[in-house]
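An overview of the molecular structure
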Amino acid sequence: CKGTTKESLLLGAASKEVKESENLAKGSVDADVSVDEITTLAFPSISTADFQFNNEKASDIIVEKVEEFVNMLENARLVLVDLSHGSKILSLVRAKAAKRNIDSKKFFTFVGDITQLYSQGGLRCNVIANAANWRLKPGGGGVNAAIFTAAGPALETATKERANSLLPGHAVVVPLPSDSPLYTREGVSHVIHVLGPNMNPQRPNSLNNDYNKGCSILREAYTSLFTGFLSILR
Ligand code: AR6
C-alpha cells in the first residue's frame, strides 16, 4: 500500500477493507518501514465463479492455505480481492480468518477490480493472480478477461515465453514487461496465472461434482500460487 495523497484520501472512505489498509499504512510508518517496500499479492478466489466451486469449501481452503503460508512472508502480505461488497466468498473468508486469528496486517480482504487496485482503490499490489484457463489465453470472461485486457498484448507474449498451457492445480509466474499499462498505471510487476478445478459442466475438464478431487486440486492451486509468490520475494 503506497502512502500517497491519493491513497490517504481514499483511506477516509467507509469500507472496512479500506480502513484495514489505512491501519496497515499507519503501522508501517510507525515501524519506520516504507509502505513502498511492502510486497503484496492480490488474488481472486480461484474457481468460485465461472468454475462454480462451492463457496463454503473454497473459503475453508483459502483460510487453511493462507494460514500455512502467512508466516513465511516476512515483510510481504496477501490480499483476497473481489468486485463487490456483497461478495459471499469475501465475507466467509473474513469470518473464518478472524476465528483462526490470522494476522490482519499480513492477510486481509479488499473490494475492487484487481486490474485497478492502485488507481481506483489506492492499494499498491505489485503481484496479482489470475484465475486462468488451461490454454492461458485472453478472453472467457471473469478475472482472466479483465487482466489480459488491462495488461495489453505484452502479457500474452510474456506468458507464451513461460508456458503454453496449464494443468489444474498449477501456476506460472509471469514477469510483466514494463511497457504494459498494468505495470505503468498500477505498479504490477508480475502476474501469476493459476488454473483451479472446474465444476462447471459447460467448461473443459469438469469434475462432475467430485469434491474429493476438486478440494485437493484447489489446495494444490493455492500452494502453487503462494509458492510462486514466495519465489518472487527471494
Ligand atoms: N477483479 C476482482 N475480482 C474479480 C474480477 C475483477 N476484475 N473479475 C472477476 N472477479 P472467475 P474461475 C472474481 O469466473 O471461477 C474465465 O473465463 C469473481 O467474482 O474469473 O476460476 C477463465 O478463462 C470470483 O470471485 O474465475 C476460466 O475459463 C473470482 O474472481 C474461468 O473463467 C474468480 O472468478 C475460471 O473460472
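As shown above, the structure is provided for reference.
Residues numbered from 1 in each chain as written. Predicted model: local features only at pLDDT ≥ 70, side-chain atom pairs only at ≥ 80, totals over all residues. Heavy atoms only, no water.

Looking now at the pattern of salt bridges. Taken as a whole and assessed by the stated rule, the structure comprises 9 salt bridges. For the salt bridge of Glu 64 with Arg 219, the shortest nitrogen-to-oxygen distance reads 2.9 Å. In this pair, Glu 64 sits in helix H3 (residues 55-69) while Arg 219 sits in helix H9 (residues 211-233), placing the two residues 155 residues apart along the sequence. The partly exposed category is assigned to Arg 219, whose relative accessible area is 32%. Within this structure, Glu 56, Asp 60 and Lys 96 form a network of salt bridges that share partners. (Salt bridge = Lys/Arg side-chain N within 4 Å of Asp/Glu carboxyl O. Helix = DSSP H or I, 4+ residues; strand = E, 2+ residues; numbered from the N terminus. Buried < 20%, exposed > 50% of the residue type's maximum accessible area, 1.4 Å probe, protein only.)

Here we take up the pairing of strand S1 (residues 40-44). Counting buried positions over the 5 residues of S1 gives 5, a clear majority of the element. Residue alternation in S1 divides its side chains into two sets, Thr 40, Ala 42 and Pro 44 and Leu 41 and Phe 43, and both sets are buried. Here 5 bridges tie S1 to strand S2 (residues 77-82), and the two strands are oriented parallel to one another. Residue pairing for S2: Thr 40 is matched across the bridge by Arg 77. Strand direction decides the pairing type here: S1 and strand S4 (residues 127-131), joined by 2 bridges, are parallel. By the bridge assignment for S4, Ala 42 is matched with Ile 128. (Pairing = 2+ DSSP bridges.)

One can find His 85 in the loop between S2 and helix H4 (88-99). Classification of His 85 by relative accessible area gives exposed; the value is 57%. Once the C-alpha coordinates of His 85 and Phe 110 are considered, the two residues, 25 residues apart in sequence, prove to be 8.8 Å apart.

This part takes up helix H7 (residues 153-162). Listed in full, the buried residues belonging to H7 are Ala 154, Leu 155, Ala 158 and Thr 159. Along the axis of H7, the buried positions cluster into a sector of 130°, meaning they face one direction only. Turning to H7, the residues buried within the fold contact helix H6 (142-151), strand S5 (171-175) and strand S6 (190-194). (Arc of directions from axis to C-beta. Contact = heavy atoms within 4.5 Å.)

Turning next to the packing of aromatic side chains. Under the definition given, this model contains 6 aromatic pairs. On the numbers, 5.9 Å between centres and 70° between planes, the contact of Phe 43 with Tyr 222 is edge-to-face. One end of the pair, Phe 43, is in strand S1; the other, Tyr 222, is in helix H9, with 179 residues separating them in the sequence. With relative accessibility at 0%, the residue Tyr 222 sits in the buried group. Within the aromatic cluster, the residues linked to one another by ring pairs are Phe 43, Phe 69, Phe 107, Tyr 222 and Phe 226. In this arrangement the basic side chain of Lys 57 is found over the ring face of Tyr 211, its NZ or CZ atom lying 5.2 Å from the centre. (Phe/Tyr/Trp six-rings, centres within 6.5 Å; stacked < 30°, edge-to-face > 60°. Lys NZ or Arg CZ within 6 Å of the ring centre and 35° of its normal.)

Turning next to the site of the ligand. Taken together, 24 residues lie near the ligand, and Ser 47, Asp 50, Asp 82, Gly 140 and Val 143 sit nearest. Measuring from a nitrogen atom of the ligand, one finds a side-chain N or O atom of Asp 113 at 3.1 Å. In this structure, an oxygen atom belonging to the ligand sits 3.5 Å away from a main-chain N or O atom of Gly 141. Notes on the ligand: free accessible area 710 Å², of which the protein chains cover 91%. Among the secondary structure elements, those contributing two or more residues to the shell around the ligand are S2 and H6. (Near = heavy atom within 4 Å. Polar contact = N/O pair within 3.5 Å; in protein donor to acceptor, adjacent residues only side chain to side chain. Areas by Shrake-Rupley, 256 points an atom, 1.4 Å probe, with all protein chains shown as cover.)

Keep in mind these values describe shape, not function.
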